[in-house]
Amino acid sequence: MMDPVLNFIDGAFVPAQNGTTLNTVNPATGEVITTLPKSSSDDVEAATAAALRAAPAWAATTMDERIAWLHRIADALEDDRETVAQLESKDTGKPIALARRVDAARSVSNFRFFAEFGAQHSDPTFTDHGAINHLHRSPIGCVGLITPWNLPLYLLSWKVAPALLMGNTIVAKPSELTPLTANHLAVVMERIGFPSGVFNLVHGLGPDVGQAIVEHPDIRGVSFTGGTATGKIVAATAAPMFKKLSLELGGKNATVVLDDAPLDEIMAGLVRASFTNSGQVCLCGSRILVDASIYELFKSKFTEAVESITVGDPSEEQTSMGSVISHDHRGKVESYIRLAVEEGGRVLTGGTSGDAPVEGVSQQGAFLRPTVIEGLSHTSRTATEEIFGPVVTLHAFHTEDEAVEMANATEYGLAGSVWTADTERGHRFAQRLDTGIVWVNTWLNRDLRTPFGGVKQSGVGREGGAWSVNFFSELTNICVQQP
Ligand code: NAD
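Computed from a prediction, not measured in an experiment: that's the story for all the values here.

Okay, the sheet that holds strand β13 (residues 285-291) next. An order of β14-β15-β16-β13-β12-β18-β19 is seen for the seven strands of this open sheet, with the pairing classed as mixed. In this open sheet, the two strands that pair with only one neighbour each are β14 (346-351) and β19 (437-440). If you compare each strand with its neighbour and ignore which way they point, the axes differ by 15° on average. Pairing of strand β18 (residues 415-419) with β19, which is carried by four bridges, proceeds in the parallel orientation. Across the sheet, residue S417 finds its bridge partner in β19, namely W439. Along the sheet, helix α10 (residues 295-307) makes contact with β12 (253-257), β13, β14, β15 (369-374) and β16 (391-397), crossing β16 at roughly 165°.

Listed below in structure tokens is the structure:
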């Protein structure tokens, strides 16, 4: 077993005050990796007190000093990128190659990006009636950052970097299912001598630790990424306290294949958009809408491509799909596969672990084959509720208007993609989707300066570049009458 994970409060690694722990499990083997604190509101109180004590000195640092710290954190994470990838792969069951390419790399680039963005960012002044209006930015103060298990350090660092850049101190809570890389970030902070109390980490369950962060009156801003049901609780708790709130929630994204799409060229991109991280990316396209004139051809090419995905031991270099996050989650995904059949769907490939077992992996692992289902109404539960696993449904449409109507027929509105030989047509189509992000002939192609976030039940607010800077700062307009 690895050493136990501890909370990181005021620059020190400490257990939960109540002394209790939880296990973190490798979902690909069922083995307990180590324990983490099962913290309570007392630990959140201690972390918040430390963050408040550290706040004045951190807020008084210059932007250049904070930028230098972000570069130092990025350098240290870069030195440790293999460690980060190994920890992330063990904690989540994702393939090591994916953890290297996406999780470890992006965690470094989040810090690097916000350091560079901060160096270039400046606010305008406005002159009118002989007065100059200057924008003055101050930190919010102590902010709460709550993150999910699918991209643990990637999503935590996406919040930590801009929060620090803008002079805030932090109480963060990673998912109880994936504490290892957040802990490693604390290890890195300690190693480079990052000021105590500026970054605090409290591990534990959402209703205990997450709820205590959202409820704490001295935590004035909360950036939350997770499921829509949890987001509703966070919003209901924070709204009467008038906290600054950013909510990045669930999705049920449409992948739209127009009749002129060059199928052979785009197939690898479509498979990636459907099954990256076992479909456990909020941006994955889980409903593929295909023009009826190419539906049968698409179906056979797509099913063949999906069957060539290498599902296996995440520690093997050639594995392209590992396990899902837990046995509980596999059970949830399988319940949707069974529901799909009850709703009249046909499983074209994949299925439950009983129907389509994965060979050559630990029998204690939470593995599933990538699953493709057709024959369902686009308004069925399977096609409108977030499954967040390796399951996609195929639907045929006859006109672009019908495709738009189908794409927009869910409560969610996070992302989507359109595939066509005609980029102008794709661009026009994209503007008709009720969603925060649309990719045309690409997927998860991220320029970190762009706004990221969803509409409808996928969230409130945007993160990225200037949007993160705005979220993590308060603005005072100072209007100076000129002599
Ligand atoms: P979750 O909502 O169960 O948990 C997210 C975090 O919230 C965890 O740290 C959890 O412990 C905490 N939490 C639980 N109850 C809480 C409460 N009452 N108060 C405060 N915090 C609480 O989500 P999950 O299962 O960890 O992650 C999967 C979900 O996240 C999916 O719905 C996925 O779409 C979504 N997601 C969204 C984005 C995005 O950018 N929009 C990115 C990744 C994942």
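Let's shift gears to the environment of M166. One can find M166 in the loop between α5 (152-165) and β8 (169-173). The class of M166 is buried, set by a relative accessible area of 7%. Through-space distance from the C-alpha of M166 to that of S138 is 7.4 Å; in sequence the pair is 28 residues apart. What M166 contacts, discounting residues up to four positions off in sequence, is M63, R66, R137, P139, V469, F472 and S473.

On to the packing of helix α7 (residues 206-215) against helix α8 (residues 228-238), then. Each pair of packed helices can be described by the angle between their axes along with the distance between the axes. Where α7 meets α8, the axes come as close as 9 Å, and the angle between the chain directions of the two elements is 30°. The angle between the axes of α7 and α8 places the two elements in the roughly parallel class. Once α7 is placed against α8, the crossing between them reads as right-handed. Counted together, Q211, V214 and E215 of α7 and I233, V234, T237 and A238 of α8 form the full contact between these two elements. Broken down by class, the residue content of the contact of α7 with α8 amounts to four nonpolar, two polar and one charged.

Another aspect to go through is the site of the ligand. The local shell around the ligand holds 30 residues, among which T147, E176, T230, L249 and E386 are the closest. At 2.7 Å from an oxygen atom of the ligand is found a side-chain nitrogen or oxygen belonging to E176. For the ligand, the protein covers 89% of the area, taking 850 Å² as the surface of the free molecule. A majority-of-atoms criterion places the ligand in the largest pocket. For the shell around the ligand, the secondary-structure elements that each account for two or more residues are α7, β10 (219-225) and α8. With four residues, the single largest contributor to the shell around the ligand is α7. Residues belonging to the shell around the ligand are distributed by class as follows: 14 nonpolar, twelve polar and four charged. Shared between two domains, the shell around the ligand holds at least three residues of each, these being domain 1 (7-249 + 458-481) and domain 2 (253-447).

Another aspect to go through is the packing of aromatic side chains. Across all of its chains, the model carries eleven aromatic pairs by this definition. Taking the centre distance of 5.3 Å and the plane angle of 15° together, the rings of F298 and F302 count as stacked. Highlighted residues: F298 and F302, both in helix α10, separated by four residues, approximately one helical turn. With a relative accessible area of 0%, F302 lands in the buried category.

Below, the discussion takes up the sheet that holds strand β6 (residues 131-139). Taken in spatial order, the three strands of this open sheet run β5-β6-β22, and their pairing is antiparallel. One side of each edge strand has no neighbouring strand; the edge strands of this open sheet are β5 (125-128) and β22 (473-481). The mean inter-strand angle of the sheet, taken between neighbouring strand axes irrespective of direction, is 25°. When β5 meets β6, the two strands line up antiparallel, connected through four bridges. In the sheet register, F126 faces β6, and the bridge partner there is N133.

Residue placement: F471 occurs in helix α15 (residues 465-471). Excluding its chain neighbours within four sequence positions, the residues that come into contact with F471 are I140, V222, S223, K244, L245 and S246.

Listing the buried residues of helix α13 (residues 400-407) in full gives A403, V404, M406 and A407. When α13 is viewed along its axis, its buried side chains cluster within an angular range of 165° and face the same direction. Check the buried side of α13 and you find it contacts β12, β13, β16 and α14 (423-430).

Thresholds, definitions, all that
Residues numbered from 1 in each chain as written. Predicted model: local features only at pLDDT ≥ 70, side-chain atom pairs only at ≥ 80, totals over all residues. Heavy atoms only, no water. Pairing = 2+ DSSP bridges. Helix = DSSP H or I, 4+ residues; strand = E, 2+ residues; numbered from the N terminus. Axes fitted to C-alpha atoms, helices over the stretch in contact; angles between N-to-C directions. Contact = heavy atoms within 4.5 Å. Buried < 20%, exposed > 50% of the residue type's maximum accessible area, 1.4 Å probe, protein only. Parallel < 35°, antiparallel > 145°, perpendicular 65-115°, else oblique. Left-handed = near helix turned anticlockwise from the far one by under 90°. Nonpolar A, V, L, I, M, F, W, Y, C, P; charged D, E, K, R; others polar. Near = heavy atom within 4 Å. Polar contact = N/O pair within 3.5 Å; in protein donor to acceptor, adjacent residues only side chain to side chain. Areas by Shrake-Rupley, 256 points an atom, 1.4 Å probe, with all protein chains shown as cover. 1 Å grid on protein atoms, 1.4 Å probe; cavity = no way out; pocket = protein on both sides within 12 Å on 5 of 7 lines; lining within 4 Å. Sits in = over half its atoms within 2 Å of the grid points. Domains from an automatic or database assignment. Phe/Tyr/Trp six-rings, centres within 6.5 Å; stacked < 30°, edge-to-face > 60°. Arc of directions from axis to C-beta.

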